[in-house]
Amino acid sequence: MSRGFRRDNPVVVICTALPMEYRAVREHLDGTLVEHEERGTLYEAGTFVGELDTWKIVLVETGAGNTSAGVELERAISVFAPQVVFFVGVAGGRKDVGLGDVVIANWVYDYESGKDTEYGYIPRTRSYASSHRLVQRSNAIVRQGEWSRRIRHRGDVTPVAIVKPVVAGAKVIAHEGSPVAELVDRFCDDAVAVEMEGHGFLYGAYVNAGVEPLIVRGISDLLTDKNADADRYWQPVAAAHAAAFAFELLNQLRRTDIAARPARPRRRHDVVGAGPARWRKTVLRAAVVAACVAVFTPASAPLAGITEVPAVESVTKTPVLGEPVVLDTGHFGSLGVAEIDYSPDGRFVVTSGNEVFDSTTRIWDANSLASIKVLPDAGYPAMFSPDGKTLVTGTYDSEVRFWNMTDYHEFGTFFAGDLTSMFWRPGTDAAVGGSSSGRLQQWNSTTPSLRRSVRAPGPIEAIGSNAAGDLVAAVLQVGLDGDSHVIVWNATTVRAVDRFDELNTPVALSADATLLVGGAARDSAGIPRELEFWNLPRRERLATMSLDTPAASYVSPVIHEDGDLVAVPERQRVNLLRVTDSGVELLAHLTGFADGEITSLAISPDGTTVAAGDHTGRLLFWDLATVNG
C-alpha cells in the first residue's frame, strides 16, 4: 500500500493506550497497513470502507495517562490533519454499567485539579466535551441497537452502549472505598466510568480547531469487583466491544457530515512563476483562438458547461494535446506528484512529494527531462526565486527551507507551520508563505531570516500582490455552523477587504490580485461542480464554469503570472482557459492521464507548456505551441 490511499479520503486518527486495545482496532482495517515514524512515534495507516464513505485510518498507541494522550494526539494532528479523532479502549465501571458494556463519553472530568488549603483539599474539576456531532450520531446508534454486529470477539454477555460522562486522572482507582473514589463520588457523581487518558486527549483536540473528537470505552472491570484474573479475560473483550462501536459510527458517517478542516499541506500553490513575464504568446494565441469556442458567458447570461462545446473536439484530437510527453518522477504515496514549478528561465522544472512516505523535491532538465538532483526532506510547496538562484520548499515537518540552486545546498530552515501556498513578493527578496493555521510569514531570502508574521482569519489558500504593492491573500473562513466562505484579506493592512459567501475550495488568486477563482456549487460528497471567476477590482463575476468530473477540492486551478491563461483541473483532464475583461473562453482540453488522477499543475514561464502531475507519480507535458498542428 505504498501508493494505496486515494488522496481524497478523509482521515481519522484512532488513539489507544494499550496493545490489546490497538489490536482490537486494527482488526477492523482493510488490507496491508503502512508503518510511518514521526519523531520517534510509530503509526500504522490503513483504510476502512463504510457504507457511506471510505476513511483513511491512522493508528497510534499513546501509552497510559492524560499527558501522553494529549501530546501524541497533537503530534498526530500536525502530521496527518485528521477530520475525526477517536480514543478507543477500556475503562473501569463506576455505576450503571456492566462488564462488556460500552460508554461513549460526552464529557470527561479531570478530578485531580484542585487547591490544597489549610481547610483541606478543594476540587476545581475541569471538563472537556466530545464532539456534539459525533455524540449525536452515537445516540442514534445506541437507539438503533445494531452496533454489536460488528464485534469480532464477543464475550458471554450482550453488551449495552450508553452515552454518559467519565472521569480521567493519573491514579488507578482500584477500590470503591478509596479516597479518590470518594472524591469522584462527591464531585463527579454522574460519571459512569473511570479511565486515565480522556481529559488529555480532549484537550489535544480542543486546541486544534475543526477536529471532531470522541471517546469510546469498553468496561473491563468494576470498582466494586476488581480482579486481575478477570482483567485478562475482560480487557480484550471490552476493547473489542469499544472498537466495534467506533467503526459502526464511522460506517454511518460521511465526510459531508463533519465540519470542513484544512488538510495537511495538500493544496496547490496558485501562481506559477514570479519573475517578469516571458510569454511567447503569438503562436499560442493565433493557433488556439482559431480553434476555440467560448463556453463561458458573463454572470448575467445563461451559462454553459464544457461538454456543450463541439468545436473543442478538433483541438483535443491533435497528437500533442491528446498524447503528452510523460515522465515517471518516482514520487509515490497517495498524492504522487504533489507540486510542480518551473524556474523563471524555463530551463528547470521541480516536482515535490508531500507524504509521510515521500517528502523529496526532484529537479529536472525541462528540455531533456533528465534528472539533475534529488533534495531530501524537501516537499510541498516549492517555488523558485525570480532570479532562479534560490529554491524554497516546504517539508512534512512544517518547515520552510532555502536551497542554493548553484550547488543545491540548504542555507536556511525555519518553522513555518502547515504551508498551503507560497509567493514571491515582486521587486523584493521576500519569500511569502501561507499556512492552514492562517499564519502568513515573510522571510528574507538573501540572509535567511523571518521578516514578518501576521495571522489571517482562516487557512490561506493563495497569495498575490495588488497594484499598491500590498500582499493580498485568499482566505478560507469557517463559520460556527460549519459552512465556509472565501474572504480577500490584505496582509499589509491586516484586514479583510472583501467576502464571497458563495465561494469555497478550490481557490486560486492571480499574482496581481485581480482575478479570483473559487469553487461554487458542490455535490453531495462536497466536491465542487462549478467554478466562478471574479474580477476583484471591479468585484464583477466574469463567468461560471461547470465541471464534468471535478478534481478533489484541494487541487486548485493555476493562473499564469499575466493573469489571462488559466489551467483548471478535472480528475483526468486539464481545461485550458483564457480570461479577458469581458469573460472566459475555453481554449482546449488536455488529456492522456490513463489511470492517474491530477494532483498538481503548472504553466511554463513562456506560456507554451502545461505540466500536470498525477497520483501515480507521473508528470505529463503538453506543448501548446503546436495546437494548430
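Use the structure listed above.
Here goes a summary of the coordinates provided. Note that residues are indexed from 1 along each chain, following the sequence as it is written. It should be noted that, the model being predicted, local features are given only for residues of pLDDT at least 70 and side-chain atom pairs only at 80 or more, the latter also being counted only at that level, while totals for whole chains, interfaces and linings use all residues. For side-chain calculations, the full set of non-hydrogen atoms in the structure is used, while hydrogens and water are omitted.

### Structural notes on the overall build of the protein chain
So, point 1. Only DSSP runs of H or I with at least four residues qualify as helices, and only runs of E with at least two residues qualify as strands; both kinds are numbered from the N terminus onward. For the protein chain, the count of helices and strands is nine helices and 41 strands.
So, point 2. Buried residues in the protein chain amount to 61% of all 629 residues.
So, point 3. By the convention used here, residues are in contact when the closest approach between their heavy atoms is within 4.5 Å. At a minimum sequence separation of 6, the contacts of the protein chain that also span at least 24 residues come to 61%. The buried label goes to any residue with under 20% of its type's maximum accessible area, the exposed label to any with over 50%, and the partly exposed label to all in between, with areas taken from a 1.4 Å probe on protein chains only.

### So, the sheet that holds strand β27 (residues 460–465)
Sheets are built from strands paired through backbone hydrogen bonds, the pairs being either parallel or antiparallel.
So, point 1. Strand pairing is defined by DSSP finding a minimum of two bridges between the two strands. Taken together, four strands build an open sheet; the order of strands is β27-β28-β29-β30 and the sheet is antiparallel. Single-partner strands in this sheet number two, and they are β27 and β30 (495–500). Neighbouring strand axes in the sheet, compared pairwise and without regard to direction, differ in orientation by 25° on average.
So, point 2. Here five bridges tie β27 to strand β28 (residues 471–478), and the two strands are oriented antiparallel to one another. If you follow G464 over to β28, its bridge partner there is V472. A fitted line through C-alpha atoms serves as each axis, taken over the contacting stretch for helices, and the angle formed by two N-to-C directions is quoted from 0 to 180°.

### Observations concerning helix α3 (residues 132–144)
Residues that lie three or four places apart on an α-helix share one face, since the helix turns once every 3.6 residues.
So, point 1. The end-to-end C-alpha separation of α3 is 19 Å, in line with the 18 Å expected for 13 residues at 1.5 Å each.
So, point 2. Within α3, the full set of buried residues consists of L134, V135, S138, A140 and I141.
So, point 3. Buried residues along α3 sit in contact with β5 (84–93), β6 (102–110), β10 (161–168), β12 (212–222) and α6 (228–251).
So, point 4. For the purposes of these results, a polar contact is taken to be a pair of N or O atoms within 3.5 Å, where, inside protein, one atom must be able to donate a hydrogen and its partner to accept one; residues adjacent in sequence count only when each atom of the pair is a side-chain atom. Two or three places before R133, at the start of α3, stands the capping residue S131, its side-chain oxygen 3.3 Å from that residue's backbone nitrogen.
So, point 5. Of the residues one or two after α3, G145 is the one with positive phi, at around 70°. Every helix has an expected span of 1.5 Å times one less than the residues it contains.

### Comments concerning the pairing of β27
So, point 1. Of all six residues making up β27, six are buried, and the element is well covered by its neighbours.
So, point 2. Counting the residues between successive antiparallel strands, the hairpin from β27 to β28 contains five residues, one of them, G469, with a positive phi of roughly 90°.

### Some details on the nonpolar core
So, point 1. As used in this record, nonpolar core signifies buried Ala, Val, Leu, Ile, Met, Phe, Trp, Tyr and Cys residues forming a set joined through side-chain atoms within 4.5 Å. Formed by 39 residues in total, the largest nonpolar core has its most connected members in I14, I57, F86, F245 and L250.
So, point 2. No other element matches the ten residues that α6 contributes to this core.
So, point 3. The next biggest cluster of nonpolar side chains, apart from the first, holds 34 residues, and it includes V58, A69, A205 and V211.

### Side note on the pairing of strand β4 (residues 54–61)
So, point 1. Within β4, six of the eight residues are buried, which leaves it mostly tucked inside the rest of the structure.
So, point 2. Alignment of strand β1 (residues 11–16) against β4, held across six bridges, turns out to be parallel. Counted as the bridge partner of I14 is L59 from β4.
So, point 3. Bridging between strand β3 (residues 41–49) and β4 involves six bridges; their strand directions are antiparallel. Across the sheet, residue E44 finds its bridge partner in β4, namely L59.
So, point 4. Counting the residues that bridge the hairpin from β3 to β4 gives four residues.

### Here we look at the environment of L542
So, point 1. With respect to the secondary-structure elements, L542 resides in strand β34 (residues 540–546).
So, point 2. Relative accessible area serves as the criterion here: at 2%, L542 is assigned to the buried category.
So, point 3. Distance in space between the C-alpha atoms of L542 and S582 is 6.7 Å, their sequence separation being 40 residues.

### A look at unusual backbone geometry
So, point 1. In this model, Y380 is joined to P381 through a cis peptide bond whose omega is -10°.
So, point 2. Inspection of the secondary structure assignment puts P381 in strand β19 (residues 379–384).
So, point 3. Of note, the phi angle at L369 is positive, near 65°, even though the residue is not glycine.
So, point 4. Within the element layout of this structure, L369 appears in the loop between β17 (360–365) and β18 (371–376).
So, point 5. Taking the relative accessible area as the measure of exposure, L369 reaches 15% and is therefore buried.

### A few points about the pattern of salt bridges
So, point 1. Note on definitions: salt bridges are taken to be side-chain nitrogens of Lys or Arg within 4 Å of carboxyl oxygens of Asp or Glu. According to the stated counting rule, one finds 18 salt bridges in the structure shown.
So, point 2. The salt bridge involving D498 is made with R539; its shortest N-O contact spans 2.8 Å. Within this pair, whereas D498 is found in strand β30, its partner R539 is found in the loop between β33 (530–535) and β34, the two being separated by 41 residues in sequence.
So, point 3. What makes D498 buried here is its relative accessible area of 18%.
So, point 4. The exposure class assigned to R539 is partly exposed, which follows from its relative accessible area of 37%.
So, point 5. For D614, the salt bridge is made with R618, and the minimal N-O distance between the two is 3.4 Å.

### Section: the packing of aromatic side chains
So, point 1. Only Phe, Tyr and Trp rings are paired, with Trp represented by its six-membered ring, and only when their centres lie within 6.5 Å; those with planes under 30 degrees apart are stacked, over 60 edge-to-face, the remainder tilted. Scanning the entire structure with this criterion turns up twelve aromatic pairs.
So, point 2. Arranged with centres 5.5 Å apart and planes meeting at 80°, the rings of F87 and F201 form a pair that is edge-to-face. Placement of the pair is F87 in strand β5 and F201 in helix α5 (residues 198–206), with a sequence separation of 114 residues. In this structure, F87 and F201 share a single accessibility class: buried.
So, point 3. Both rings, one in F402 and one in F414, keep their centres 6.1 Å apart while their planes meet at 90°; by these two values the pair is edge-to-face. Of this pair, F402 sits in strand β21 (residues 399–404) while F414 sits in strand β22 (residues 410–415); the two residues are twelve residues apart in sequence, bridging distant segments of the chain.
So, point 4. Take F402: its relative accessible area is 0%, and that puts it in the buried class.
So, point 5. The rings of Y128, Y203 and Y206 are connected pair by pair, giving a single aromatic cluster.
So, point 6. The ring of F500 carries R539 above its face, with NZ or CZ at 4.4 Å from the centroid. By the criterion adopted, a ring carries a charge over it if an Arg CZ or a Lys NZ lies within 6 Å of its centre and within 35 degrees of its normal.

### A word on α6
So, point 1. Over its 24 residues, α6 runs 34 Å from end to end, which matches the ideal 34 Å to within 8%, given 1.5 Å per residue.
So, point 2. Note on bend: the value at a residue is the angle between axes fitted to the seven residues ending there and to the seven starting there. A maximum bend of about 35° is found in α6 at W234, where proline P236 lies one to four positions downstream.

### Let's talk about the sheet that holds β22
So, point 1. The strand order β19-β20-β21-β22 describes an open sheet built from four strands, whose pairing is antiparallel. Lying at the two open borders of the sheet, with one neighbouring strand each, are β19 and β22. Neighbour-to-neighbour, the strand axes of this sheet turn through a mean angle of 20°, independent of strand direction.
So, point 2. With five bridges joining them, strand β20 (residues 390–394) and β21 adopt antiparallel strand pairing. Bridge assignment links L391 to a residue of β21, and that residue is W403.

### What to know about the side chain of S352
So, point 1. Tracing the chain through its elements places S352 in strand β16 (residues 348–352).
So, point 2. With near-sequence residues (within four places) excluded, S352 lies in contact with H331, G336, V337, A338, E339, T360, T361, A378, G379, Y380 and A382.

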